[in-house]
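# Remarks on the overall topology
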Amino acid sequence: MATTYKSLITGGSGFLGSHLCDRLIKDGHDVLCVDNFFTGSKANVAHLLGHPRFELMRHDVTFPLYVEVDQIYNLACPASPIHYQHDPVQTTKTSVHGAINMLGLAKRVKARILQASTSEVYGDPVVHPQTEDYWGNVNPIGPRSCYDEGKRCAETLFFDYHRQNNVDIKVVRIFNTYGPRMHPNDGRVVSNFIVQALKGEDITIYGDGSQTRSFCYVDDLIEGFVRMMATAPGFTGPINIGNPNEFTMLELAEQVIKTVGGKSKLVFMPLPTDDPKQRQPNIILAQSKLGWQPTVELADGLKETTAYFKKLLAI
C-alpha cells in the first residue's frame, strides 16, 4: 500500500495550489490547505470542503503556523505582476517571512518541504535556454524585484536551513504555467489573451510580440511537484519544471484566436520595465532525476483553459 502523508499546502486555494490539493487528495493523502485569500479563491477548493481528508484554514504565512504535518508545499505568494506589484512590500514579506516560518515549522516537526520557486530568479536571462546552474540577470531595484528577489531570497533561506539545520528541502523553479482556475484578471498572458478573445476585444501585445515564453499545462506541472517531493533525501534541486516548447507572443495570440474563434485584432503597447525577452527551461535535470517531461500540447491545453473561462464568464 502506498504511503500516505499529512500535507500542508500554503497558497492552497490559488491556481496551482488548488490543483495540487486535488492531486494529493486523489493520491490518498490528508491535505491542510492554508491561504489568506489575497489572490486565492474558496471557489477553487469548494468541491473539496466536504471531503474527510481535506481541511481549509485562513492564515497568512507571514505569521508562524503551529500544526503537525509530514510534508509542506510552500506555494504562498501572488505570482502575476498585477497582483505582486499591488503591495510590493507585502509580496517580499510573503516570500521571505513565509519561507522563514514554513522552514521553521519543517525544522520543528521534521517535515520535508518543497519551495515553489520561479523562473523569475533568472531575470532577463543572457543564457538561453536557462539551466539550473545559471545565476540569473535580475534588477534588484526595479518594479518586479519584490517578486524576483523575494523568491531568490527564499531559495537562499531554504539552502541555509538545509545546510545549518538539516531540513529536508526540495526546490522547484516553475516556468509559465496555465490552465483552468487561472484568475481572469491576473494580467498573465494566457488568461489575458483568452479573456480578451472570448469578449471579442482586441488582443493586447506588449512590445512587438517577438518576446518568447514556454507554456506548461497545470497537470504537467503538478506531476513534476509530486515527483520532486518523492525523490530521495539529499536531492534538493533547484530543478526546472516547465515546457521547453517556446512560442512568441504573436504565435500564442494566433493560437488563442484559432482556439476561441472570433475576429479579435492585435494591438501593440509598450513593453513593461524589466519584462524578460525570452524564457525557456532546460529540463534535462527533470528528465533524468524525475523521469518527468510535459505531455500536454499547447493547442490541447488552450482548449481546456478556454472551456473554463467560457463557463466562468458565462459566454
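First things first, this report covers the structure right here in the doc. Predicted model only: the values in this text are computed from it and were never measured.

### Structural notes on the state of the cysteines
In total, this model carries 0 disulfides according to the counting rule given. Take Cys77: it sits in no disulfide, and the sulfur closest to it among the cysteines is that of Cys146, at 7.9 Å. The buried category is assigned to Cys146, whose relative accessible area is 7%.

### So, the sheet that holds strand β3 (residues 54–58)
Pairing is parallel across the open sheet formed by 7 strands, whose spatial order is β3-β2-β1-β4-β5-β6-β11. Here the strands that pair on one side only, and so sit at the sheet edges, are β3 and β11 (239–241). Within the sheet, the average angular offset between the axes of one strand and its neighbour, ignoring direction, is 20°. Pairing between strand β4 (residues 71–74) and strand β5 (residues 112–118): 4 bridges, direction parallel. If you follow Ile72 over to β5, its bridge partner there is Ile113. Sheet strands touched by helix α1 (residues 15–26): β1 (6–10), β2 (30–35), β3, β4 and β6 (169–174). Its angle to β1, the strand with the most contacts, is close to 170°. Those strands touched by helix α4 (residues 145–165) are β4, β5 and β6, and its axis lies near 155° from that of β5.

### A look at a nonpolar patch on the surface
Among the surface-exposed residues, Tyr206, Met269 and Leu271 lie close enough to one another that they form a single nonpolar patch of about 250 Å² accessible area. By secondary structure assignment, the location of Leu271 is in the loop between β13 (266–269) and α8 (284–290). Look at Leu271 and you get partly exposed, because its relative accessible area is 32%.

### So, the layout of surface pockets
Summary: where empty space remains is shown by rolling a probe the size of a single water molecule over the atoms. There is about 210 Å³ of room inside the second largest pocket. As for the second largest pocket, its lining consists of Val121, Tyr122, Glu132, Asp133, Tyr134, Trp135, Gly136, Arg152, Glu155, Thr156 and Arg173. No other element matches the 3 residues that α4 contributes to the lining of the second largest pocket.

### Some points on the packing of aromatic side chains
Inspection of the entire model under this criterion finds 5 aromatic pairs. Where Tyr122 meets Phe175, the ring centres are 6.1 Å apart and the plane angle is 35°; that geometry is what we call tilted. Pair noted here: Tyr122 is in the loop between β5 and α4 and Phe175 is in the loop between β6 and β7 (177–178), with a separation of 53 residues, a long-range link. Side by side, Tyr122 and Phe175 carry an identical accessibility label, which is buried. When the ring of Tyr308 is compared with that of Phe309, the centres are 5.3 Å apart and the planes differ by 65°; the resulting orientation is edge-to-face. The class of Phe309 is buried, set by a relative accessible area of 0%. An aromatic cluster is present here, built from Tyr122, Tyr134 and Phe175 joined pairwise through their rings.

### Details of the pattern of salt bridges
If you walk through the whole model with that rule in mind, you get 13 salt bridges. The partner of Asp168 in a salt bridge is Arg112, and the shortest N-O contact between them spans 2.8 Å. Of this pair, Asp168 sits in the loop between α4 and β6 while Arg112 is found in strand β5, placing the two residues 56 residues apart along the sequence. Residue classification places Asp168 among the partly exposed residues on the basis of a relative accessible area of 22%. The partner of Asp160 in a salt bridge is Arg163, with the nearest N and O atoms 2.9 Å apart. Placement of the pair is Asp160 and Arg163 together in helix α4, with a separation of 3 residues, close to one helical turn. Under the relative-accessibility criterion, Asp160 is labelled partly exposed at 33%. Classification of Arg163 as exposed rests on a relative accessible area of 61%.

Cut-offs and rules
- Residues numbered from 1 in each chain as written.
- Predicted model: local features only at pLDDT ≥ 70, side-chain atom pairs only at ≥ 80, totals over all residues.
- Heavy atoms only, no water.
- Disulfide = S-S within 2.5 Å.
- Buried < 20%, exposed > 50% of the residue type's maximum accessible area, 1.4 Å probe, protein only.
- Pairing = 2+ DSSP bridges.
- Helix = DSSP H or I, 4+ residues; strand = E, 2+ residues; numbered from the N terminus.
- Axes fitted to C-alpha atoms, helices over the stretch in contact; angles between N-to-C directions.
- Contact = heavy atoms within 4.5 Å.
- Patch = residues over 30% accessible without salt bridge, like charges linked within 9 Å, V, L, I, M, F, W, Y side chains within 5 Å.
- Areas by Shrake-Rupley, 256 points an atom, 1.4 Å probe, with all protein chains shown as cover.
- Salt bridge = Lys/Arg side-chain N within 4 Å of Asp/Glu carboxyl O.
- 1 Å grid on protein atoms, 1.4 Å probe; cavity = no way out; pocket = protein on both sides within 12 Å on 5 of 7 lines; lining within 4 Å.
- Points joined across faces, edges and corners; volume = space filled by probe spheres on them.
- Phe/Tyr/Trp six-rings, centres within 6.5 Å; stacked < 30°, edge-to-face > 60°.

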